[in-house]
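Residue-level listing of the chains:
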Amino acid sequence: NVPLLIVGGGSNLLFTRDFDGLVLKNEIMGIEELHEDPEYVYVRAGAGENWHSFVLFCIDKGWGGLENLSLIPGNVGAAPIQNIGAYGVELEDLFWDLEAFDLTKKKIRTFTKTDCEFNYRDSVFKNRYKGQFIILNVTFRLRKKPVFHTSYGVIKQELDKMGIAEMSIKAISQAVINIRSSKLPDPAQIGNAGSFFKNPTVPKDYFESLKIKYPGIVGYPNLNGSVKLAAGWLIEQCGPENSVSWKGYRVGDAGCYSKQALVLVNYGNAT
């Protein structure tokens, strides 16, 4: 009857005091190619594997799909919990199934994509089953012949800047790494809470009406016809007292990152 805290990579944790219970760090490792068909390869990764290392492993093998999700901090086991996503790709697009240990029934259960109830940065593990399961491994369905996703954000511009003559998943991965590195602080260099704001989704006609009032508004079309607004742009428009940008804004050692208002940072001794 001791409180239990499951830790993956720890990048989404902030301790304000000691945890009064048992801290269990998931270090289940291993990457295994299960099987393949003419179009896909099915790859299982242990929940304790570092996410970015796993992405690079798949890129080296020529397996397509994960390249847009490069350099996201954390471990494989955490990825399905909030349905991680970046630059036009979400985990659910590549997910096949996962195995998790039921803490109540003391047995292992397999979750399919439907079982996970994925939504934007959301899944059943953040809601109905919060705190009830420990994810053990995740299986991904990756493409043997990659389909490139370069239309989101500034990926095309970065690829042009890199002088890429022939498109590849490795080039896209490097472009994403370059973009993230230029916008997001390295937690090893400066303590930060990451880019944690959700991009709001609005109907397309509402987005069009917003564009009339705010011509510079940034939005990206979703597959269902709605539009995802860039939270970073929205935050920038409502700087303190409508005069100072949130970028680099600080009170003492707490503030917003100088290159991306989405990120809250600790400049040294913030409490």
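Small disclaimer: the values here were computed from a predicted structure and weren't measured. (Residues numbered from 1 in each chain as written. Predicted model: local features only at pLDDT ≥ 70, side-chain atom pairs only at ≥ 80, totals over all residues. Heavy atoms only, no water.)

A. Layout of the nonpolar core. Formed by 44 residues in total, the largest nonpolar core has its most connected members in Trp-51, Leu-66 and Phe-140. Listed by contribution, the elements that provide at least two residues to this core are strand S4 (40-46), helix H1 (51-61), strand S7 (95-102), strand S9 (133-143), helix H3 (155-162) and helix H4 (169-183). When residues in this core are grouped by element, the largest group, six residues, is from H4. Other than its neighbours up to four places away in sequence, Trp-51 contacts Leu-66, Leu-69, Ile-72, Gly-74, Asn-75, Val-76, Ala-79, Ile-84, Leu-91 and Phe-140. (Core = buried A, V, L, I, M, F, W, Y, C linked by side-chain atoms within 4.5 Å. Buried < 20%, exposed > 50% of the residue type's maximum accessible area, 1.4 Å probe, protein only. Helix = DSSP H or I, 4+ residues; strand = E, 2+ residues; numbered from the N terminus. Contact = heavy atoms within 4.5 Å.)

B. Spotlight on the pattern of salt bridges. The full count for this structure, using the stated rule, is nine salt bridges. Of the charged contacts in the structure, one is a salt bridge between Arg-44 and Glu-32, with a shortest N-O distance of 4.0 Å. Here Arg-44, found in strand S4, pairs with Glu-32, found in strand S3 (residues 31-36); they are twelve residues apart in sequence, far enough to count as distant. Accessibility expressed as a relative area gives 42% for Glu-32, which makes it partly exposed. Notably, a salt bridge pairs Glu-36 with Lys-144, separated by 2.5 Å at the nearest N-O pair. You can see Glu-36 sitting in strand S3 and its partner Lys-144 sitting in the loop between S9 and H3, a full 108 residues away along the chain. With a relative accessible area of 32%, Lys-144 lands in the partly exposed category. (Salt bridge = Lys/Arg side-chain N within 4 Å of Asp/Glu carboxyl O.)

C. Seen up close, the packing of H3 against H4. Two elements in contact, H3 and H4, have axes whose closest approach is 9 Å; the angle formed by their N-to-C orientations is 105°. What the angle tells us is that H3 and H4 run roughly perpendicular. Where H3 approaches H4, its residues Ile-155, Glu-158, Leu-159 and Met-162 are matched on the opposing element by Ala-171, Ile-172, Gln-174, Ala-175, Val-176, Asn-178 and Ile-179. Within the contact of H3 with H4, the residues separate by chemical class into eight nonpolar, two polar and one charged. (Axes fitted to C-alpha atoms, helices over the stretch in contact; angles between N-to-C directions. Parallel < 35°, antiparallel > 145°, perpendicular 65-115°, else oblique. Nonpolar A, V, L, I, M, F, W, Y, C, P; charged D, E, K, R; others polar.)

D. Local environment of H4. Over its 15 residues, H4 runs 21 Å from end to end, which matches the ideal 21 Å to within 8%, given 1.5 Å per residue. Regarding H4, the residues found buried are Ile-169, Ala-171, Ile-172, Ser-173, Ala-175, Val-176, Ile-177, Ile-179 and Arg-180. (Expected span 1.5 Å × (residues − 1).)

E. A look at the sheet that holds strand S11 (residues 201-202). In space, the three strands of this open sheet follow the order S11-S13-S12, with antiparallel pairing throughout. A strand with exactly one partner marks an edge of an open sheet, and here the two such strands are S11 and strand S12 (219-221). Relative to strand S13 (residues 227-229), S11 runs antiparallel, the two being bridged by two bridges. Residue pairing in the sheet places Val-202 in a bridge with Val-227 of S13. Strand contacts of helix H5 (residues 204-213): S11, S12 and S13, with the helix running at about 45° to S13, the strand carrying the most contacts. (Pairing = 2+ DSSP bridges.)

F. View of the side chain of Glu-49. Considering the arrangement of structural elements, one finds Glu-49 in the loop between S4 and H1. Buried and unpaired, Glu-49 has Lys-25 as its nearest opposite-charge partner, separated by 11 Å. Not counting chain neighbours up to four residues away, the residues in contact with Glu-49 comprise Ile-28, Met-29, Gly-30, Ile-31, Asn-75 and Val-76. (Lys, Arg positive; Asp, Glu negative; His and termini not counted.)

G. Representation of the pairing of S9 in the model. Counting buried positions along S9 yields nine of eleven residues, so the element is predominantly enclosed. Where S4 lies against S9, seven bridges are found, and the strand directions are antiparallel. Pairing of Val-43 across the sheet is with Phe-140, part of S9.

H. Region of the structure containing unusual backbone geometry. Of note in the backbone geometry, Asn-83 takes a positive phi value of approximately 50° without being a glycine. Its place among the elements puts Asn-83 in the loop between H1 and strand S5 (85-86). Unlike most non-glycine residues, Lys-106 shows phi in positive territory, near 55°. With respect to the helices and strands, Lys-106 occurs in the loop between S7 and strand S8 (107-112).

I. Inspection of the environment of Met-167 at higher detail. Along the polypeptide, Met-167 turns up in the loop between H3 and H4. If we skip the residues at most four places from it in the chain, Met-167 touches Phe-148, Thr-150, Leu-159 and Ile-172.

J. Layout of the environment of Leu-5. Mapping Leu-5 onto the fold places it in strand S1 (residues 4-7). Along the backbone, Leu-5 and Gly-21 are 16 residues apart, and their C-alpha atoms lie at a distance of 7.4 Å. Excluding its chain neighbours within four sequence positions, the residues that come into contact with Leu-5 are Phe-15, Phe-19, Leu-22, Val-23 and Leu-24.

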